[in-house]
Each structure stands twice: as structure tokens, then as C-alpha cells.
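Letter by letter, the chains look like this.
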2 protein chains.
Amino acid sequence: MSDAAPEPHWLTEDEMRAWCAWRRIFPLVNAEIARDLGKDSGLSEADYDVLSMLSQCPGRRRRISGLAEHLLWSRSRLSHQLTRMEQRGLVRREEVVADGRGAEVVLTEAGLGTIGAAAPAHLESVRRHLFDLLTPAQLEALIQLGDTITARRADAPPCG
Amino acid sequence: MSDAAPEPHWLTEDEMRAWCAWRRIFPLVNAEIARDLGKDSGLSEADYDVLSMLSQCPGRRRRISGLAEHLLWSRSRLSHQLTRMEQRGLVRREEVVADGRGAEVVLTEAGLGTIGAAAPAHLESVRRHLFDLLTPAQLEALIQLGDTITARRADAPPCG
DNA sequence: ACCATGTAGATGACATGTCATCCACGTGAC
DNA sequence: GTCACGTGGATGACATGTCATCTACATGGT
């Protein structure tokens, strides 16, 4: 048969390089930061995200599904994660009176202490593996990339 | 005690925004692309990466640890991945005569057909979820970010 | 030849994420 | 009231990744 398949719309040279950058740099940098975090504080990035979010919430508590949305996680993922963190005493679940279905997560004292102790080294690690490498223009470019890509999503939650 | 802990070196406003962008956009875009890929072709991104690499190798075969390095994967991860892919008939392992320890992966005919069938839709998906959103300047910025961040790594393998 | 050490790869236990499903409760039409 | 349906959350089965470990072979010093 005369292979009528249309030639796929290949990537340009630049797009190919950008694609490779995209696929490489995030896992690379994140793996380094995650390794530091685990070594310094015994926390995973997921742990840190949850603790960090909660520590900034009024009352250091939040509705579970609100937290999931904010983190862009599935409810299932968060539920599993909270179960593990609860077993380590970092957070606690509490029922909510207003809505018999709902529940909140609360940061425990231990959890608060943990995130407080972990933050400085983590910040330093983020600087060392990412921001120290970037020029101000590149920092700005990264922000713009973020804005552009999240712009489609009407409900993109704020930073946190 | 008089809390002599030095105030951690917090992120600036811009750095915070850049950090949020960093943490959000990659998982976000990749999840979309991965979902498309799975739906269109029944492949995971890991599957696609391996098939894509192999299809570009001379003889469509490669030493396993060379492939792992190139993908920036651990040998263990690749070994598990190849086991699964071998069970699906996408690749085949072969012993290597020159080195009794080593082994090669070979892309099977089925694997070649699979990657060929998957590529067009995948390319289209990558365009739709990423490149169509970016201006030429942003594309360039992404390339530069990649160069900057991988520059430290002397042995950063080429694109692929 | 012999032994210590290094490299290639496989493997098993375990951590984490996904999906489908389940249960309990809320909400609105009737 | 009650019945259908939506929502919040938990859970179990399963896919994938990590680390530690194991085997087999290679290599270099003696």
C-alpha cells in the first residue's frame, strides 16, 4: 500500500531542544532538592508541601478537599498521604460539625515543629539547586512561563 | 533560651512566584500529556521514552546501562521497566558477547510499530499542551533554562 | 593461579501514586 | 417524608519508583 499516512508534524529544532530541557530539568532539580530534604529532615516533598500549606492556614487547619484542590492533588492521594502523616503524628484529622460528611486536617505541635525545623535547610537547598543558577532575567522568564501555562486554568489556586 | 536561630534566608516575592511556577507547571502539563498518551496509545511516558530512545539507536538496540544513563534513570528502574515492556513484547533482552556481564535491549517489530503509531498523536499533544501556549521568546527562555541547569552536569547526555 | 575489588544487571521489600469503588451524609424534587 | 442524586472522604487493588542486596563476570595486583 502506498502509505498515505500524513507525515506527523515534527518538532522544530528549537522545539526539540526546549522539549528536552522540559523533560530533563524538572526531574533533575527536583530529585536533588528532594534528596536534600529527605536527608536533612526525613521528609518527602509531599510531606513538606502538606506541612507548609497547613502551617499557613488560619488555625493551622483546613478542609481536606480544599487542601487537595490547592495542592492540585487527587483526594485519594491526599487521603493516603494524610494517613501516613497521621501515623507519624504530624497531622490529625478532625470531624467537622457544619458538614457531617467533611473532615479537616490539623497540624499538630509536632508537625509545626517539624516544618519549622525543616524550612531553613530546604530554602537553602532550593536556592543552591535552582535560584543561585538563574539570572534575574531567567527568574522573570520562569515566572512568565508559570503565568502563561496556568492562565488557561481559570481556578489556578494562588501560590502558597 | 533567647532563640539565637538566624532568620532563614526567605525567598523574595519574585523567587516565591518562580518557585510556585516551578512546582506547578511541570506536573500539570505532564499529567495532561501523559493522560493523552495513555488514552491514545496505551503507553506510559516511561514506555514512550524507552521506545523513542531505542528507535533512534543504531540497530535499534542499546546496552542497558547506557540507556539508563541516557535517560537519567537508575539501572534498577530501567530493569523493572524493561521487564514489564518485555512481557508486553515491546522489547527483548539479548546477551552481549563482548562482555559476559552485559546485556542489550532490542526494540522488537511490535515495539517499532507501537512507537510509530503513537508518535503523531503524542507530538500533537505536546504541541497542544505546551508549545502552542508559548511565544517564541518563551521557547527560547525554556531552552536557556535547560542549558543553564544542565550546564553543571559535565556529562549531560544529548537530547534524544 | 588467586584474591580483592569493581561493574552490569536482576530482584525483593517497601513507599508512593492511580483508579475504581464504597460508604456516609447533604440537597432538592416530588 | 423519601427517593434520586451529588459530594466528601476512605479504602483496596494495582502500577510504578527507590533502596539494599545478590549474582555473575571483569580486572588488576600479587
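- In the nomenclature of an unreviewed UniProt entry, chain A is known as MarR family transcriptional regulator of Streptomyces bambusae.

## What about the protein's contact with DNA strand C?
Point 1. Taken together, 21 residues lie around DNA strand C, and S76 and R77 of chain A together with S65, R93 and A103 of chain B are the ones closest in.
Point 2. Near-protein atoms of DNA strand C (within 4 Å) split between backbone and bases, with sugar and phosphate holding 69%.
Point 3. In this structure, a base oxygen belonging to DNA strand C sits 3.2 Å away from a side-chain N or O atom of H80 of chain A.
Point 4. Between a phosphate oxygen of DNA strand C and a side-chain N or O atom of R93 of chain B, the distance comes to 2.6 Å.
Point 5. A per-element tally of the surface near DNA strand C places helix 4 (residues 75-87) of chain A first, with five residues.
Point 6. By residue class, the composition of the surface near DNA strand C is two nonpolar, 10 polar and nine charged.

## Re the protein's contact with DNA strand D
Point 1. Taken together, 21 residues lie near DNA strand D, and S65, R93 and A103 of chain A together with S76 and R77 of chain B sit nearest.
Point 2. Counting only atoms of DNA strand D within 4 Å of the protein, the sugar-phosphate share comes to 65%.
Point 3. Between DNA strand D and R93 of chain A there is a distance of 2.7 Å, counted from a phosphate oxygen to a side-chain nitrogen or oxygen.
Point 4. Of all the elements, helix 4 (residues 75-87) of chain B adds the most residues to the surface near DNA strand D, at five residues.
Point 5. For the surface near DNA strand D, the residue count by class is two nonpolar, 10 polar and nine charged.

## Comments concerning the sheet that holds strand 3 (residues 103-107) of chain A
Residues and elements named next belong to chain A.
Point 1. Read from one edge of the open sheet, three strands run 1-3-2, paired in antiparallel fashion. Two strands lie at the open edges of the sheet, namely strand 1 (61-63) and strand 2 (91-95), each paired on one side alone. Ignoring which end each strand starts from, the neighbouring axes of this sheet average 25 degrees apart.
Point 2. Sheet topology places strand 2 next to strand 3; five bridges connect them, and they run antiparallel. Directly across from E94, in strand 3, lies its bridge partner E104.
Point 3. Docked against the sheet, helix 2 (residues 45-55) engages strand 1, strand 2 and strand 3, running at close to 95 degrees with respect to strand 3.
Point 4. Contacts between helix 3 (residues 64-71) and the sheet are confined to strand 1, strand 2 and strand 3, with strand 1 contributing the most and set at about 90 degrees to the helix.

Rules of the game
Residues numbered from 1 in each chain as written. Chains lettered and ligands numbered in written order. Predicted model: local features only at pLDDT ≥ 70, side-chain atom pairs only at ≥ 80, totals over all residues. Heavy atoms only, no water. Near = heavy atom within 4 Å. Polar contact = N/O pair within 3.5 Å; in protein donor to acceptor, adjacent residues only side chain to side chain. Helix = DSSP H or I, 4+ residues; strand = E, 2+ residues; numbered from the N terminus. Nonpolar A, V, L, I, M, F, W, Y, C, P; charged D, E, K, R; others polar. Pairing = 2+ DSSP bridges. Axes fitted to C-alpha atoms, helices over the stretch in contact; angles between N-to-C directions. Contact = heavy atoms within 4.5 Å.

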